[in-house]
Amino acid sequence: MAKALHMIQLFFACPAKAALPVHTTGYKLALLLSLLVTGVRFTLPKYVPPAVHRTVRAEAAAYEEIADAYKTQDSSAFAGVCDQHRQTLEEDQLADLVQLCVESLLVRRVQKLTKTYIAVPLAGLASTLGMQSASEAESFVVQMIEQQELRGRIDQEQGMIRFQEGECSDSAQAQLESLKA
């Protein structure tokens, strides 16, 4: 995905006197891919002609609103904005990409917690992420550990997730075995 974002950035380096539909599509994709890859909103390079800049921003207003909602780090508000623009997303065939953004926001929020806390109650994590129950939060954390997006152990007796330091370089199987301990 990072390579795709880079290619779209290169696309905007091509000279243009007026905006074409491909510019708007590229901008929409760049906004969403930037959220997935970096977690921050894509901005058009300064060398993009003003006419192209104005046109793509006006035609991609729904996507800019989605990117602004992502920046708030409020998963329920972000999901609400995505639902508000569901029809536009489906017409543009980008609804699946936005769903990945919803999931990436939750992952980023959990990863952000690891920088502040050593352990977090699963019920508190569920509340923070806007999930219905601690078991839903536990399933989400297990999935993150399996995908090596997080290092941690779940203490089911105390209902806590204990974060571990270091990069997620261990195999997923070793992490799952440590969960069972």
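Summary of the structure given here. Source: prediction; values computed, not measured.

Reading guide: rules and limits
- Each chain has its residues counted from 1, following the order in which its sequence is written.
- Only residues with pLDDT of at least 70 get local features here, since the model is predicted, and only at 80 or more are side-chain atom pairs given and counted; chain-wide, interface and lining totals rely on the full set of residues.
- Where side-chain values are given, they derive from all heavy atoms of the structure, hydrogens and water being excluded.
- For Phe, Tyr and Trp, where Trp contributes only its six-membered ring, two rings pair if their centres lie within 6.5 Å, and the inter-plane angle classes them as stacked under 30 degrees, edge-to-face over 60, or tilted in between.
- Segments assigned H or I by DSSP are reported as helices when at least four residues long, segments assigned E as strands when at least two residues long, and all are numbered from the N terminus.
- Relative accessibility under 20% of the residue-type maximum defines a buried residue, over 50% an exposed one, and the middle range a partly exposed one, all with a 1.4 Å probe and only protein chains included.

Before going further, it helps to examine the packing of aromatic side chains. Under the defined criterion, the tally for this structure stands at 4 aromatic pairs. Taking 6.3 Å as the distance between ring centres and 35° as the angle between the ring planes, the aromatic pair formed by Phe-12 and Phe-42 counts as tilted. Note that Phe-12 is positioned in the loop between α1 (2-11) and α2 (21-37) and Phe-42 in the loop between α2 and α3 (50-59), a separation of 30 residues in sequence. Pair check on accessibility: Phe-12 and Phe-42 agree, each one buried. Considering the side-chain rings of Tyr-70 and Phe-78, the 5.3 Å spacing of their centres and the 85° angle between planes classify their relative orientation as edge-to-face. When sorted by exposure, Tyr-70 lands in the same class as Phe-78, which is buried. Members of the aromatic cluster, connected to one another through ring pairs, are Phe-11, Phe-12, Tyr-27 and Phe-42.

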